[in-house]
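Residue strings, one per chain:
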Amino acid sequence: MAHHKSAIKRIKTNEKARLRNRHQRSTMRTEVKKFFYLLDTGTAEEIKAAFPKITTLYDKAAAKGILHKKNASRHISRLAKTVNKILEEIAAE
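Conventions adopted
Residues numbered from 1 in each chain as written. Predicted model: local features only at pLDDT ≥ 70, side-chain atom pairs only at ≥ 80, totals over all residues. Heavy atoms only, no water. Salt bridge = Lys/Arg side-chain N within 4 Å of Asp/Glu carboxyl O. Helix = DSSP H or I, 4+ residues; strand = E, 2+ residues; numbered from the N terminus. Buried < 20%, exposed > 50% of the residue type's maximum accessible area, 1.4 Å probe, protein only. Expected span 1.5 Å × (residues − 1). Axes fitted to C-alpha atoms, helices over the stretch in contact; angles between N-to-C directions. Parallel < 35°, antiparallel > 145°, perpendicular 65-115°, else oblique. Left-handed = near helix turned anticlockwise from the far one by under 90°. Contact = heavy atoms within 4.5 Å. Nonpolar A, V, L, I, M, F, W, Y, C, P; charged D, E, K, R; others polar. Phe/Tyr/Trp six-rings, centres within 6.5 Å; stacked < 30°, edge-to-face > 60°.

Engineer: Would you mind going over the pattern of salt bridges with me for this structure?
Structural biologist: Opposite charge on two side chains lets them pair, provided their charged atoms get close. All chains considered together, the criterion is met by two salt bridges. In this structure, Arg18 and Glu15 form a salt bridge, with 2.8 Å as the shortest nitrogen-oxygen distance. Here Arg18 pairs with Glu15, and both are found in helix H1 (residues 5-41), just three residues apart, close to one helical turn. On the basis of relative accessibility, which here comes to 35%, the residue Glu15 falls in the partly exposed class. Between Lys34 and Glu31 there is a salt bridge, and its shortest N-O distance comes to 3.6 Å.

Engineer: Whenever I open this one, helix H2 (residues 44-63) confuses me. Can you help?
Structural biologist: Since the α-helix packs 3.6 residues into each turn, any two residues three or four apart lie on the same face. Taking 1.5 Å per residue, 20 residues should reach 28 Å; H2 reaches 29 Å between its end C-alpha atoms and fits that length. Those residues of H2 that sit buried are Ala44, Ile47, Ala50, Phe51, Ile54, Thr55, Tyr58, Ala61 and Ala62. After H2 finishes, the residue Gly65 shows a positive phi value of roughly 85°.

Engineer: Even after reading the chapter, I still don't get the packing of H1 against helix H3 (residues 69-92), so can you show me in this structure?
Structural biologist: Two packed helices can be described by the angle between their axes and the distance between those axes. Contact geometry of H1 with H3 gives a least axis separation of 10 Å together with a crossing angle of 20°. Between H1 and H3, the interaxial angle falls into the category roughly parallel. The chirality of how H1 crosses H3 is left-handed. Side by side, H1 and H3 meet where Phe35, Phe36 and Leu39 of the first sit next to Leu79, Thr82, Val83 and Ile86 of the second.

Engineer: When you look at H3 in this model, what are you seeing that I'm missing?
Structural biologist: In a regular helix each residue adds 1.5 Å, so 24 residues correspond to 34 Å; H3 covers 35 Å between its end C-alpha atoms and thus fits that length. Within H3, burial applies to Ala72, Ile76, Leu79, Val83, Ile86 and Leu87. For H3, the secondary structure elements touched by its buried residues are H1 and H2.

Engineer: Where do I start with the packing of H1 against H2 in this structure?
Structural biologist: Between H1 and H2, the shortest axis-to-axis distance is 10 Å and the interhelical angle comes to 155°. One way to sum up the angle between H1 and H2 is to call them roughly antiparallel. Both H1 and H2 take part in a crossing whose hand is left-handed. For the pair H1 and H2, the contacting residues are Met28, Glu31, Val32, Phe35, Leu38 and Leu39 in the first and Glu46, Ile47, Ala50, Phe51, Ile54, Leu57, Tyr58 and Ala61 in the second. Counted by class, the contact of H1 with H2 contains 12 nonpolar, no polar and two charged residues.

Engineer: Please clarify how the packing of aromatic side chains should be interpreted in this entry.
Structural biologist: Two descriptors summarise a pair of aromatic rings, namely the distance from one centre to the other and the angle between the planes of the rings. Under the counting rule described, the total for this entry stands at one aromatic pair. On the numbers, 6.2 Å between centres and 40° between planes, the contact of Phe35 with Phe51 is tilted. One end of the pair, Phe35, is in helix H1; the other, Phe51, is in helix H2, with 16 residues separating them in the sequence. We classify Phe51 as buried; its relative accessible area is 19%.

In C-alpha cells form, the structure reads like this:
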C-alpha cells in the first residue's frame, strides 16, 4: 500500500484510466465483431458505409493510447484489404 500522498493519488487516477480504457477497448472490439458479421451478411453499400466508422474507432483508440499507433494502422490496413476483396467478390456476382 502506498504511503505518500502523491502515490495514493496516482493509484486512484490509474484506476480511473484503466476502467476508461477497458470500456473503450471493449466497445471497439464489439463494433469490430459487428463489422465482421456485416462482412459476411451485408450488402456492398452497408459495408462501404460501415468501414469509415471502424477506421475512426481504431484511430481514436490509437490517439487516446488504448492501442499503439502502428497496431491500429495494421488492423485498419488488414481490414481494408479484406473489405476490398469482399467488395470485388460481390461485384463479380
